Amino acid sequence: MKDTFYAYIQQLQDTITTKLEEVDGVATFKEDLWKRPEGGGGRTRVIENGAVFEKGGVNISAVHGALPESMQNYFGVKNADFFACGLSLVLHPKNPMVPTVHANWRYFEMYDKEGNIVDQWFGGGQDLTPYYLFEEDAIHFHNICKISCDKHNPSFHKKYKERCDTYFWNAHRNEARGLGGLFFDYCKATDDMSMQDWYNFVTEVGNSFLEAYIPIVIKRKDLPYTKEQRDWQEVRRGRYVEFNLVHDKGTLFGLRTNGRIESILMSLPPHVQWHYNHHPEKGSSEEKLLQVLATPKDWV
């Protein structure tokens, strides 16, 4: 399974980066191959200063070795080895009318000292973080998520949409990071779902990513915007940074397993603002966005 999924994310990285370069039309992804001293490595691809994408990364990694003590305590195991691979992407567009997007699909195995698999699971999801609310974009993104889920289990979309709303919540701000999407983790074999079934589901979601996001980018990338709207985008990016550094489990996992810091922090935008006690004008488009972020909404 680990070889099959790693081959899949290598192919998916190629598909996604090729399409993003086509949409940007100016910038190309720079590739960086790296190795982890304790075992494994990855292929980082970053795009910067494009016509559409100010900064973005589409990274894959496959790391293995002894599970660090902090993670053993987290999982309640002793003397375990692990293998983890996944694709993680974040795209920060230049135009504030185009939403930031994040996606991640991953697979994890844990072994005893004889090398036997003692646990294995899939995880992942995709979510949208706009700076200005276009409801038709939110509906489109969530519809694609639901179509992918419904092919495998009619209960998946509601469950994983709610988990996404719960997970991408900036508790210290009491607001959502964005409009959500899907979030699933610890997807293990059951009587109803084999690991192959989970693989089929996760790859279905991964394959749907471009269909969920690219039409939104094409529709919004050439819209005019003001300096004030750009400032608002950078203020909201600050909330994105706060979530990734304070709450995100993937960031914490990377730091605790001696992951490659440049790849882990690739998700951070290049230009961000923090203003003391910042509030948008009453009745403004900016306030409208905050109202939606305060109470997650069903878009489908």
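Residues numbered from 1 in each chain as written. Predicted model: local features only at pLDDT ≥ 70, side-chain atom pairs only at ≥ 80, totals over all residues. Heavy atoms only, no water.

**Points about the pairing of strand E9 (residues 180–187)**
Convention followed: Only protein chains enter the accessibility calculation, which uses a 1.4 Å probe; a residue whose area is less than 20% of its type maximum is buried, one above 50% is exposed, and one in between is partly exposed. Secondary structure elements are defined from DSSP: runs of H or I of at least 4 residues count as helices, runs of E of at least 2 residues count as strands, and each element is numbered from the N terminus. Strands are labelled as partners when DSSP assigns at least two bridges between them.
Counting buried residues along E9, seven of its eight residues qualify, which places the element largely inside the surrounding structure. Of the strand pairs in this sheet, strand E6 (residues 117–129) and E9 are connected by six bridges, and their pairing is antiparallel. Looking at E9, one finds that aspartate 127 is bridged to glycine 181.

**Side note on the environment of lysine 158**
Definition in use: Pairs of N or O atoms are called polar contacts if they sit within 3.5 Å, as long as, within protein, a hydrogen donor faces a hydrogen acceptor (for residues adjacent in sequence, only side-chain-to-side-chain pairs).
Looking at the secondary structure, you find lysine 158 in helix H4 (residues 156–167). Each C-alpha atom of the pair lysine 158 and aspartate 298 lies 9.1 Å from the other, and the pair is 140 residues apart in sequence. Among the polar contacts listed, one links the side chain of lysine 158 to the side chain of glutamate 162, at a separation of 2.8 Å.

**So, a nonpolar patch on the surface**
Keep this limit in mind: Like-charged residues within 9 Å of one another, or nonpolar side chains (Val, Leu, Ile, Met, Phe, Trp, Tyr) within 5 Å, are grouped into patches, provided each residue has over 30% relative accessible area and no salt bridge. A 1.4 Å probe and the Shrake-Rupley method give the accessible areas. Residues count as covered only by the protein chains that appear here. Whenever a carboxyl oxygen of Asp or Glu lies within 4 Å of a side-chain nitrogen of Lys or Arg, that contact is scored as a salt bridge.
Together, Leu245, Val246, Leu255, Ile261 and Leu265 line one region of the surface with nonpolar side chains, adding up to about 420 Å² of accessible area. Residue placement: valine 246 occurs in helix H6 (residues 227–246).

**Quick word on the sheet that holds strand E2 (residues 40–48)**
Where we set the bar: Axis geometry follows a simple rule: fit a line to the C-alpha atoms, using only the stretch in contact for helices, then measure angles between N-to-C directions, giving values from 0 to 180 degrees. For this analysis, residues touch if any pair of their heavy atoms sits within 4.5 Å.
A sheet is described by the order of its strands in space; here seven strands give the open sequence E1-E2-E3-E4-E5-E6-E9, paired in antiparallel fashion. Edge positions in the open sheet fall to strand E1 (30–35) and E9, since each of these has one partner strand only. The average undirected angle you get between the axes of adjacent strands in this sheet is 5 degrees. Packing of helix H5 (residues 195–220) onto the sheet brings it into contact with strand E3 (53–66), strand E4 (81–93), strand E5 (100–111), E6 and E9, and relative to E6 it is tilted by some 15 degrees. Strands in contact with H6 are E3, E4, E5 and E6; relative to E4, the strand with the most contacts, it is inclined by about 165 degrees.

**Let's talk about the packing of aromatic side chains**
Rules: In this analysis, rings of Phe, Tyr and Trp, with Trp reduced to its six-membered ring, are considered paired at centre separations within 6.5 Å, and the interplanar angle assigns stacked below 30 degrees, edge-to-face beyond 60, and tilted for intermediate values. Definition used: whenever NZ (Lys) or CZ (Arg) falls within 6 Å of the ring centre and also within 35 degrees of the ring normal, the charge is taken to sit over that ring.
Per the stated rule, a full pass over the model turns up 26 aromatic pairs. When the ring of tyrosine 167 is compared with that of phenylalanine 168, the centres are 4.8 Å apart and the planes differ by 85 degrees; the resulting orientation is edge-to-face. Residue phenylalanine 168 is classed as buried on the basis of its relative accessible area of 5%. Aromatic pair tryptophan 198 and phenylalanine 201: ring centres 6.1 Å apart, planes at 70 degrees, arrangement edge-to-face. Of this pair, tryptophan 198 and phenylalanine 201 both sit in helix H5, separated by three residues, roughly a single helical turn. Here the two residues tryptophan 198 and phenylalanine 201 agree in accessibility, since each one is buried. Through a chain of ring-to-ring contacts, three or more aromatic side chains come together here, namely Phe5, Tyr8, Tyr107, Phe122 and Tyr199. One Lys or Arg, lysine 2, reaches over the ring of phenylalanine 83 and ends 5.0 Å from the middle of that ring.

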